[in-house]
Amino acid sequence: HLRRLLRDRRVNAPVRLSHEVTPFDPGDAGALRALEGFVAEQGASLFHLPAWLMAVEAGTGQRAGGFIARQMGVVTGWLPLTEVRSMLFGKALVSSGFGVGGGICADHPEAARALAKAAEGHARVQGFATIELRGGSIPDGWEQWSDRHCGFARTLAADDEAELLAIPRKARAEVRKGLAFGLTVTTGRSARDRAAHYACYSASVRNLGTPVFPRRLFSAMLEAFPEASDILTVWRGEEPLASVLSFYHGGAVMPFWGGGTFAARAARANEVMYYELMGHARRRGMTRFDFGRSKTGSGPYHFKKNWGFVPEPLTYGAWTAPGAAARNIDPTDAGYSRKIALWKKLPLPVANLIGPVIARGLA
């Protein structure tokens, strides 16, 4: 009711009410409840939830921060920030750390401007060279782009057969081949599920030349979202072939961290994994499948297109401190090609030992 009055006053009153901006305090239970309500009211992303920020901190050590805008005590805007500190990749404020979305969420342009100004001031004082916004309102004067990443999402079909038929012919044939192998599919959150997921995911990202995220990040996320996350794994006997950690938010399933072993390819285990996840999500009451983002033109980008998903460009933005170089953590950049080639050759135990130390700076 008070929020409605504030909106009416902005329209009708000749005097503009200022937006008070304060730092986010994870220990303030009242602020946490208010932010959760604001995120729900705005229909904002999973990555705007305070629980996401705090799970990132618990899982990587990168500090949860951000700023809250209020009028007369009512939240009018929110900028979640992960304070990334990395010897390899420098210092940056990222909204939202390890997410594909985030950015400024505000119910009025003045609140958005106030949040951006607060973030810039904090960056200057604390020595952060970059502020990255993954979606949301991009402030005037900041760099912004829409040609580097695309999102992929569509409505889930009515039943398993309709879901299969919704997949284009060539990709559907691969799913059918995988289903014919008689692989076992499990879902859960147990220690066995987590171990299987880490084994598959770490092997997958090593094979792509990318350091794996810390194991404790996955555990922290599962614990932060006990009713809105789980792991689906495809098995051949006792051998996990492919596994994905998914979130459920706003009526959509979001397969977020997934991958398969070398053996998964011949068994079409990744195809089975995503198809089975669609049915699992529908049984959980979800209505949409959010396939996440992919680098425009990359292999995963074409994989998702081949499954019938239409790419939607994502708009991101960044502020860089005067005289500082923009942060670059794009694994497809030419400067990383030799490092990626070397990483692919590492024995998996070695990659899993040193990878998390590096990857915590890739928020």
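Refer to the structure printed above.
Rules of the game
- Residues numbered from 1 in each chain as written.
- Predicted model: local features only at pLDDT ≥ 70, side-chain atom pairs only at ≥ 80, totals over all residues.
- Heavy atoms only, no water.
- Helix = DSSP H or I, 4+ residues; strand = E, 2+ residues; numbered from the N terminus.
- Polar contact = N/O pair within 3.5 Å; in protein donor to acceptor, adjacent residues only side chain to side chain.
- Contact = heavy atoms within 4.5 Å.
- Pairing = 2+ DSSP bridges.
- Phe/Tyr/Trp six-rings, centres within 6.5 Å; stacked < 30°, edge-to-face > 60°.
- Buried < 20%, exposed > 50% of the residue type's maximum accessible area, 1.4 Å probe, protein only.
- Lys NZ or Arg CZ within 6 Å of the ring centre and 35° of its normal.
- 1 Å grid on protein atoms, 1.4 Å probe; cavity = no way out; pocket = protein on both sides within 12 Å on 5 of 7 lines; lining within 4 Å.
- Points joined across faces, edges and corners; volume = space filled by probe spheres on them.
- Nonpolar A, V, L, I, M, F, W, Y, C, P; charged D, E, K, R; others polar.
- Core = buried A, V, L, I, M, F, W, Y, C linked by side-chain atoms within 4.5 Å.

(A) Region of interest: the side chain of Glu 120. Its location among the elements puts Glu 120 in helix α4 (residues 109-126). A distance of 2.7 Å separates the side chain of Glu 120 from the side chain of Trp 142, its partner in a polar contact. Leave out the neighbours within four places in its chain, and Glu 120 touches Ile 131, Trp 142 and Trp 319.

(B) Region of the structure containing the pairing of strand β4 (residues 90-95). Relative to β4, strand β3 (residues 74-86) runs antiparallel, the two being bridged by 5 bridges. Within the sheet, the bridge partner assigned to Thr 82 lies in β4 and is Val 94. Between the end of β3 and the start of β4, which pair antiparallel, lie 3 residues. In the sheet, β4 pairs with strand β6 (residues 130-133) via 4 bridges, with the strands oriented parallel. In the sheet register, Leu 93 faces β6, and the bridge partner there is Ile 131.

(C) Fine view of the packing of aromatic side chains. According to the stated counting rule, one finds 26 aromatic pairs in the structure shown. Relative to Phe 247, the ring of Phe 225 has its centre 5.7 Å away and its plane inclined at 80 degrees; by these criteria the two rings are edge-to-face. With Phe 225 in the loop between α8 (215-224) and β10 (229-236) and Phe 247 in strand β11 (residues 239-249), the pair connects residues that are 22 residues apart, well separated along the chain. The class of Phe 247 is buried, set by a relative accessible area of 0%. With a centroid separation of 5.8 Å and 50 degrees between ring planes, the pair formed by Phe 289 and Phe 309 is classed as tilted. On the criterion of sequence distance, the pair formed by Phe 289 in strand β13 (residues 288-295) and Phe 309 in the loop between α11 (299-306) and β14 (312-313) is long-range, its members being 20 residues apart. An identical accessibility class is assigned to Phe 289 and Phe 309; each is buried. Through pairs of rings, three or more aromatic residues link up here, namely Phe 47, Trp 52, Phe 98, Tyr 198, Tyr 201, Phe 213, Phe 218, Phe 225, Phe 247, Phe 256 and Trp 257. Against the face of Trp 145 rests Arg 148, its NZ or CZ located 3.9 Å from the ring centre. Directly above the aromatic system of Trp 235 lies the positively charged group of Arg 192, at a separation of 4.0 Å from the ring centroid.

(D) Structural view of the layout of surface pockets. The space that makes up the second largest pocket amounts to roughly 560 Å³. As for the second largest pocket, its lining consists of 28 residues, of which Ser 45, Phe 47, Val 100, Met 254 and Asp 290 are closest to the centre. Listing elements by their share of the lining of the second largest pocket, those giving two or more residues are β8 (149-155), β12 (252-260) and β13. When residues in the lining of the second largest pocket are grouped by element, the largest group, 4 residues, is from β13. Grouping the amino acids of the lining of the second largest pocket by side-chain chemistry returns 11 nonpolar, 12 polar and 5 charged.

(E) Examining the nonpolar core more closely. Core analysis: the largest hydrophobic core is formed by 45 residues, its most contacted members being Trp 52, Phe 213, Met 221, Phe 247 and Trp 257. With residues up to four places along the chain from it excluded, the contact list for Phe 213 reads Phe 98, Tyr 198, Tyr 201, Phe 218, Trp 257, Pro 356, Ala 359 and Leu 362. Listed in part, the 31 residues of the second largest apolar core include Leu 183, Tyr 248, Ala 269 and Tyr 275.

(F) Region of the structure containing the pairing of β10. Of all 8 residues in β10, 7 are buried, a share of seventy percent or more. Relative to β10, strand β9 (residues 184-188) is paired through 5 bridges, and the arrangement is antiparallel. Pairing of Val 185 across the sheet is with Val 234, part of β10. The sheet contact formed by β10 and β11 spans 8 bridges and is antiparallel. When the sheet's bridge partners are listed, Ser 229 is paired in β11 with Phe 247.

(G) Seen up close, the side chain of Thr 130. For Thr 130, the location among the structural elements is in strand β6. In contact with Thr 130, other than residues within four places in its own chain, are Lys 91, Ala 92, Leu 93, Trp 319, Thr 320, Ala 325 and Arg 327.

(H) Seen up close, the environment of Ala 324. Within the secondary structure layout, Ala 324 lies in the loop between β15 (316-320) and α12 (337-344). Given a relative accessible area of 31%, Ala 324 falls into the partly exposed group. Between the C-alpha atom of Ala 324 and that of Phe 128, which follows or precedes it by 196 residues, the distance is 9.7 Å.

(I) Examining unusual backbone geometry more closely. Between Ser 95 and the following residue, Ser 96, the backbone shows a cis peptide bond with an omega angle of 10 degrees. In this structure, Ser 96 sits in the loop between β4 and β5 (105-106). Of note in this structure, Met 72 is not a glycine but carries a positive phi near 50 degrees. Structurally, the position occupied by Met 72 is in the loop between β2 (63-71) and β3. In this structure, Phe 98 takes a positive phi of about 65 degrees despite not being glycine.

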